[in-house]
Amino acid sequence: MAEGRLAGRIALVTGASSGIGEAIALGFAREGADVIVHYRTRQREAEEIAEEIRGMGQRARTVQADIVDAGQVAQMLTEAATFGPLSIVVCNAGTHRRVPFLEIDEAMWDWVLDTDLKGPFLVGQGAARQMVQNGTGGSIIATSSVSAHSAQPELVHYQAAKAGVAMLVRGMALELAPHGIRVNAIAPGLVETNLTTRIFRTPDVLAGRVSRIPLGRAGQPADMVGAAIFLASDESAWTTGTTITVDGGFSVT
Ligand SMILES: NC(=O)c1ccc[n+]([C@@H]2O[C@H](COP(=O)([O-])OP(=O)(O)OC[C@H]3O[C@@H](n4cnc5c(N)ncnc54)[C@H](OP(=O)(O)O)[C@@H]3O)[C@@H](O)[C@H]2O)c1
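Let us look at the structure shown here. Remember, it's a predicted structure, so these values are computed and weren't measured experimentally.

Analysis parameters
Residues numbered from 1 in each chain as written. Predicted model: local features only at pLDDT ≥ 70, side-chain atom pairs only at ≥ 80, totals over all residues. Helix = DSSP H or I, 4+ residues; strand = E, 2+ residues; numbered from the N terminus. Rg over C-alpha atoms; globule rule 2.2 N^0.38 Å. Buried ≥ 20, exposed ≤ 12 C-beta atoms within 10 Å, placed from the backbone. Near = placed C-beta within 6 Å. Nonpolar A, V, L, I, M, F, W, Y, C, P; charged D, E, K, R; others polar. Pairing = 2+ DSSP bridges. Axes fitted to C-alpha atoms, helices over the stretch in contact; angles between N-to-C directions. Contact = placed C-beta atoms within 7 Å. Parallel < 35°, antiparallel > 145°, perpendicular 65-115°, else oblique. Left-handed = near helix turned anticlockwise from the far one by under 90°. Core = buried A, V, L, I, M, F, W, Y, C linked by C-beta atoms within 7 Å. Expected span 1.5 Å × (residues − 1). Bend = angle between axes of the 7 residues up to and from the residue.

1. Some points on the overall build of the chain
Within the chain, the secondary structure is distributed over eight helices and seven strands. Here the C-alpha atoms of the chain give a radius of gyration of 17 Å, agreeing with the 18 Å that 2.2 N^0.38 yields for 253 residues. Oriented by its inertia axes, the alpha-carbon framework of the chain measures out at about 50 × 35 × 35 Å. When burial is assessed residue by residue, the chain has 47% of its 253 residues classed as buried.

2. Considering the site of the ligand
What surrounds the ligand is a group of 27 residues, the closest being Gly15, Gly19, Arg40, Gly94 and Thr193. Per-element accounting of the shell around the ligand gives the leading share, three residues, to helix α1 (residues 19-30). By residue class, the composition of the shell around the ligand is nine nonpolar, 15 polar and three charged.

3. Quick notes on the sheet that holds strand β4 (residues 88-91)
Read from one edge to the other, the open sheet built from seven strands follows the order β3-β2-β1-β4-β5-β6-β7, with strand pairing classed as parallel. This sheet does not close on itself; its edge strands, each paired only once, are β3 (60-64) and β7 (243-246). Going across the sheet, the axis of each strand differs from the next one's by a mean of 20°, ignoring polarity. Set on the sheet, helix α3 (residues 70-81) makes contact with β1 (10-13), β2 (34-39) and β3; between it and β3 the angle comes to about 165°.

4. Some thoughts on the pairing of β1
By the alternation rule, side chains of β1 split into Ile10 and Leu12 and Ala11 and Val13, which are all buried. Here four bridges tie β1 to β2, and the two strands are oriented parallel to one another. Across the sheet, valine 13 pairs through a bridge with valine 37, a residue of β2. Where β1 lies against β4, three bridges are found, and the strand directions are parallel. Note on β4: the bridge partner recorded for alanine 11 is isoleucine 88.

5. Observations regarding the packing of α1 against helix α8 (residues 225-232)
As a packed pair, α1 and α8 sit with axes 9 Å apart at the nearest point and diverge in direction by 55°. One element, α1, and the other, α8, form an angle in the oblique class. Classified by chirality, the crossing of α8 by α1 is right-handed. Contacts between α1 and α8 pair Ala23, Ile24, Gly27 and Phe28 from the former with Val225, Ala228, Ile229 and Ala232 from the latter. For the contact of α1 with α8, a count of residues per class yields seven nonpolar, one polar and no charged.

6. What about the environment of glutamine 64?
Mapped onto the elements, glutamine 64 comes out in strand β3. On the basis of neighbour count, glutamine 64 is assigned to the partly exposed category, with 17 C-beta atoms found within 10 Å. When the C-alpha positions of glutamine 64 and glutamate 79 are compared, they lie 9.6 Å apart, and in sequence the two are 15 residues distant. Apart from residues lying up to four places away in sequence, glutamine 64 is in contact with Tyr39, Arg40 and Gln43.

7. Quick word on the nonpolar core
Ala11, Ala25, Phe28, Val35, Val37 and Ala228 are the most contacted members of the largest nonpolar core, which has 74 residues in total. Beyond its immediate stretch of four places on either side in the chain, phenylalanine 28 contacts Leu6, Ala11, Ala33, Val35, Ile88, Ile229 and Ala232.

8. Examining the environment of methionine 224
By secondary structure assignment, the location of methionine 224 is in the loop between α7 (203-210) and α8. Taking the C-alpha atoms as reference, methionine 224 lies 17 Å from proline 214; in sequence the two are ten residues apart. Setting aside its immediate chain neighbours within four residues, methionine 224 contacts Ile20, Ala23, Ile24, Ile186, Pro188, Val191 and Val246.

9. Regarding unusual backbone geometry
At glutamate 154, a residue that is not glycine, the phi angle is positive and equals roughly 70°. Here glutamate 154 lies in the loop between β5 (138-143) and α5 (156-176).

10. Re helix α4 (residues 106-134)
With 29 residues, α4 extends 40 Å from end C-alpha to end C-alpha; this agrees with the ideal 42 Å at 1.5 Å per step. The principal kink in α4, of about 40°, is found at aspartate 114.

Structural data, given as structure tokens:
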């Protein structure tokens with residue numbers, strides 16, 4: 001029998017083929033969870049992460065879906081359910097591209113809003129329906145962003161989506177509490193991943209960003225894992241509808 005704060009739990013992590021999702025998937029496994037590793041395009045990376053989890057003695061499998069497609073999300077959740085009853089779901093997959101506000105066209109708006117707001121809605125609702133049916137309760141966690149409450153240039157579409165996630169989480173928390181399902185979010189600050197490569201490859205831009213972080217460095221995906229484990233585990237049994245900001249202090253300035 002696995003030991004750890006998540007022993008005996010089954011977790012689905014979307015966008016787990018890289019970055020923050022990968023770190024959370026591996027962190028959950030280290031705490032004893034069996035993990036379903038979701039990817040969209042990076043199958044090889046997802047399979048390697050699943051293999052690493054099996055190497056820790058936990059069960060793991062991969063699932064593929066585009067989270068903006070309701071049919072694919074439903075199929076993914078059906079496949080996930082064959083692994084056993086889900087008790088932890090992290091709606092982490094997300095994206096953005098920086099575009100000046102005056103140049104955001106409808107396609108760009110739809111792409112970012114669909115991925116970053118409709119996607120968590122579809123995955124969160126589908127997972128919640130399974131949890132209600134199973135009667136086992138659970139923890140749903142969304143990856144929001146400091147962009148939900150702090151404006152930066154060229155991210156209006158992303159900021160609107162992530163602010164939407166904050167209210168999505170609160171509304172879901174209210175309606176799902178009677179079913180023993182808690183819903184929370186993590187709002188990362190600047191974290192080094194594929195999403196932020198351009199910042200990390202441009203030293204003066206990176207230095208400017210880091211100068212606004214009181215703890216004096218950018219985040220790594222591993223910095224998100226502690227909050228995710230807390231929200232997934234019984235340690236947060238009386239915590240729902242909230243967002244935990246993990247940003248090195250960026251938001252206090
Ligand atoms: N990095 C930061 O500074 C930062 C800050 C605040 C919030 N966040 C949030 O953190 C989350 C994870 O991002 P990350 O920084 O770890 O970037 P990442 O390494 O690029 O990971 C993004 C993940 O999302 C998946 N994805 C993207 N679009 C998808 C779609 N339509 N359907 C299914 N999966 C999709 C990708 O899958 P494939 O690669 O397999 O296609 C990938 O696994 C996102 O929600 C992001 O908004 C990041």
